[in-house]
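The lines below spell out each chain.
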Amino acid sequence: MSIPKLSIIILSYNTKDLLLNCLRSLEKVKNEVIFEIIVVDNASTDGSLEAIKNLKIENLKILGNEVNLGFARGNNTARTIVRGEYILFLNSDTEVQPETLKKSINYLSQHKDTGVVTVRTLLPSGKLDKDVRRSFPTPFIALTHFSGLDRLFPKSKMLASYWYGYIPDTKSHYIDVAQGAFFMTRKKLLDEVDWFSEEYFLDGEDIDLCWKIKLAGKKIYYFADASILHTKKASKKSGKKIKFVHTGVDSMEIFYRKFMWQNYSLPINLSVILGIKAIKIIRTTKHTLIVIPDLIRNLYK
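Computed from a predicted structure; not experimentally measured.

Participant: Help me out: how do you make sense of the overall build of the protein in this one?
Facilitator: What the protein contains, in helices and strands, is 11 helices and 11 strands. Taking 2.2 N^0.38 as the reference for a compact globule, 301 residues should give roughly 19 Å; the C-alpha atoms of the protein span a radius of gyration of 19 Å, in line with that estimate. The C-alpha extent of the protein, read off along each of the three principal axes, is 60 × 55 × 35 Å. Among the 301 residues that make up the protein, the fraction classed as buried is 51%. Excluding contacts between residues fewer than 6 apart, the proportion of contacts in the protein whose partners are at least 24 apart in sequence is 78%.

Participant: Would you mind showing me how to read the pattern of salt bridges here?
Facilitator: Applying the stated criterion to the full structure yields 19 salt bridges. Its salt-bridge partner being K61, residue E36 comes within 3.1 Å of it at the nearest N-O pair. Of this pair, E36 sits in strand β2 (residues 35-42) while K61 sits in strand β3 (residues 60-65), placing them 25 residues apart in sequence. Given the relative accessible area of 0%, E36 is considered buried.

Participant: For this particular structure, what's the right way to read helix α1 (residues 16-28)?
Facilitator: Since the α-helix packs 3.6 residues into each turn, any two residues three or four apart lie on the same face. With 13 residues, α1 should cover 18 Å at 1.5 Å per step; its first-to-last C-alpha distance of 19 Å lies within 8% of that length. Those residues of α1 hidden inside the fold are in contact with β1 (6-12), β2, α2 (48-53), β4 (86-91), β5 (94-96) and α4 (100-110).

Participant: Which parts of the structure should I look at to understand the nonpolar core?
Facilitator: Across soluble globular proteins, you tend to see nonpolar side chains buried next to one another. If you look at the biggest cluster of nonpolar residues, it comprises 47 residues, and the most contacted ones within it are I9, F89, F136, F183 and F255. No other element matches helix α10 (residues 242-260), which puts 6 residues into this core. If we ignore the near neighbours within four places in the chain, the residues touching I9 are I38, V40, N75, A78, V82, I87, L88, F89, L90 and W195. Grouped together as the second largest cluster of nonpolar side chains are 33 residues, L6, F35, I52 and L101 included.

Participant: Would you mind going over the environment of F183 with me for this structure?
Facilitator: Tracing the backbone shows F183 in strand β10 (residues 182-186). F183 sits 174 residues away from I9 along the chain, and the two C-alpha atoms are 9.9 Å apart. With residues near it in sequence (within four places) discarded, F183 still touches I87, L88, F89, V116, V117, A178, D206, L209, C210 and I213.

Participant: Would you mind showing me how to read the packing of helix α8 (residues 205-215) against α10 here?
Facilitator: The geometry of a pair of packed helices is captured by two quantities: the angle between their axes and the separation between those axes. Between α8 and α10, whose axes approach to 10 Å, the crossing angle comes to 15 degrees. Between α8 and α10, the interaxial angle falls into the category roughly parallel. Seen along the crossing, α8 lies across α10 with a hand that is right-handed. Contacts between α8 and α10 pair I207, D208, W211 and K212 from the former with F255, K258, F259 and M260 from the latter. Here the residues of the contact of α8 with α10 sort into 5 nonpolar, no polar and 3 charged.

Participant: What is the right way to read unusual backbone geometry from this model?
Facilitator: Where the residue is not glycine, phi is negative for most of them; where a peptide bond is considered, it is trans in most cases. Look at N14: it is not a glycine, yet its phi comes out positive at around 55 degrees. When you line up the elements, N14 lands in the loop between β1 and α1.

Participant: Teacher, can you tell me more about the packing of aromatic side chains here?
Facilitator: By convention here, two paired aromatic rings are described through the distance between centres and the angle between planes. Scanning the model with the defined rule gives 17 aromatic pairs in all. In textbook terms, an aromatic cluster arises when at least three aromatic residues are bridged by ring pairs, as seen for F71, F89, F183, W195 and F196. When the ring centre of Y174 is taken as origin, the NZ or CZ atom of K219, which lies over that ring, is 4.8 Å away.

Conventions we followed
- Residues numbered from 1 in each chain as written.
- Predicted model: local features only at pLDDT ≥ 70, side-chain atom pairs only at ≥ 80, totals over all residues.
- Heavy atoms only, no water.
- Helix = DSSP H or I, 4+ residues; strand = E, 2+ residues; numbered from the N terminus.
- Rg over C-alpha atoms; globule rule 2.2 N^0.38 Å.
- Buried < 20%, exposed > 50% of the residue type's maximum accessible area, 1.4 Å probe, protein only.
- Contact = heavy atoms within 4.5 Å.
- Salt bridge = Lys/Arg side-chain N within 4 Å of Asp/Glu carboxyl O.
- Expected span 1.5 Å × (residues − 1).
- Core = buried A, V, L, I, M, F, W, Y, C linked by side-chain atoms within 4.5 Å.
- Axes fitted to C-alpha atoms, helices over the stretch in contact; angles between N-to-C directions.
- Parallel < 35°, antiparallel > 145°, perpendicular 65-115°, else oblique.
- Left-handed = near helix turned anticlockwise from the far one by under 90°.
- Nonpolar A, V, L, I, M, F, W, Y, C, P; charged D, E, K, R; others polar.
- Phe/Tyr/Trp six-rings, centres within 6.5 Å; stacked < 30°, edge-to-face > 60°.
- Lys NZ or Arg CZ within 6 Å of the ring centre and 35° of its normal.

The structure is reproduced here in structure tokens:
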């Protein structure tokens, strides 16, 4: 058995059909590079494990967690068994397009100063998944984003820098944050920065890892000449749990206190934390308004 150049880690939670599509897309590009696939199942209840065990895919390894460990801990489960020089964290709700693996690895191998490559990520509608390229959420950038100013002025460099709206998504460029849906890096670098930080359950871990990688002196590249398809937030949609709402907002506070608190004055810091608490209240309220009618309908079925 050949030693893989690339280890592809796919974390799945109740995304059976999408996961199967993802694996099929990888089968179609298996001649581009020698790779192994490690599927980490986070205690799915939809038959995901049984479905992929019946597949005859070369170099497929399956890890089944007894409980949902979240994104960071779940992906880190594969840390001790990966064999590739390069690591790709790939969402189970993605489909890799031809030439994407080949082009991404070639770019990393030719640019030693680059630590991460992500690619043009398209939603089922054909539009760009804007979260594929983001700036670090400083207080000002976070304000422009959560206030909606970046939607009102989408081409402004000052007001729309969170999603890099002022740069065409067809243009490759360096960024602050690569989305975890397609996150290719080197194993040596991952080991150096200690993989994903496990204080995050869901969301925030990709921003944290990008921060650590940039602290290590490496750049992060948005590669527009390669692409994937992404069905957004499939694991979150598989169960309308308030936990997913809360962990997403809690991640904002974890990241801010960990990396940015010391860079700003106390009034700014308190304003940021207050803003995060307000976002949590708003999202909890919206979630409740969506879920309660469903619960009432189920009672009268």
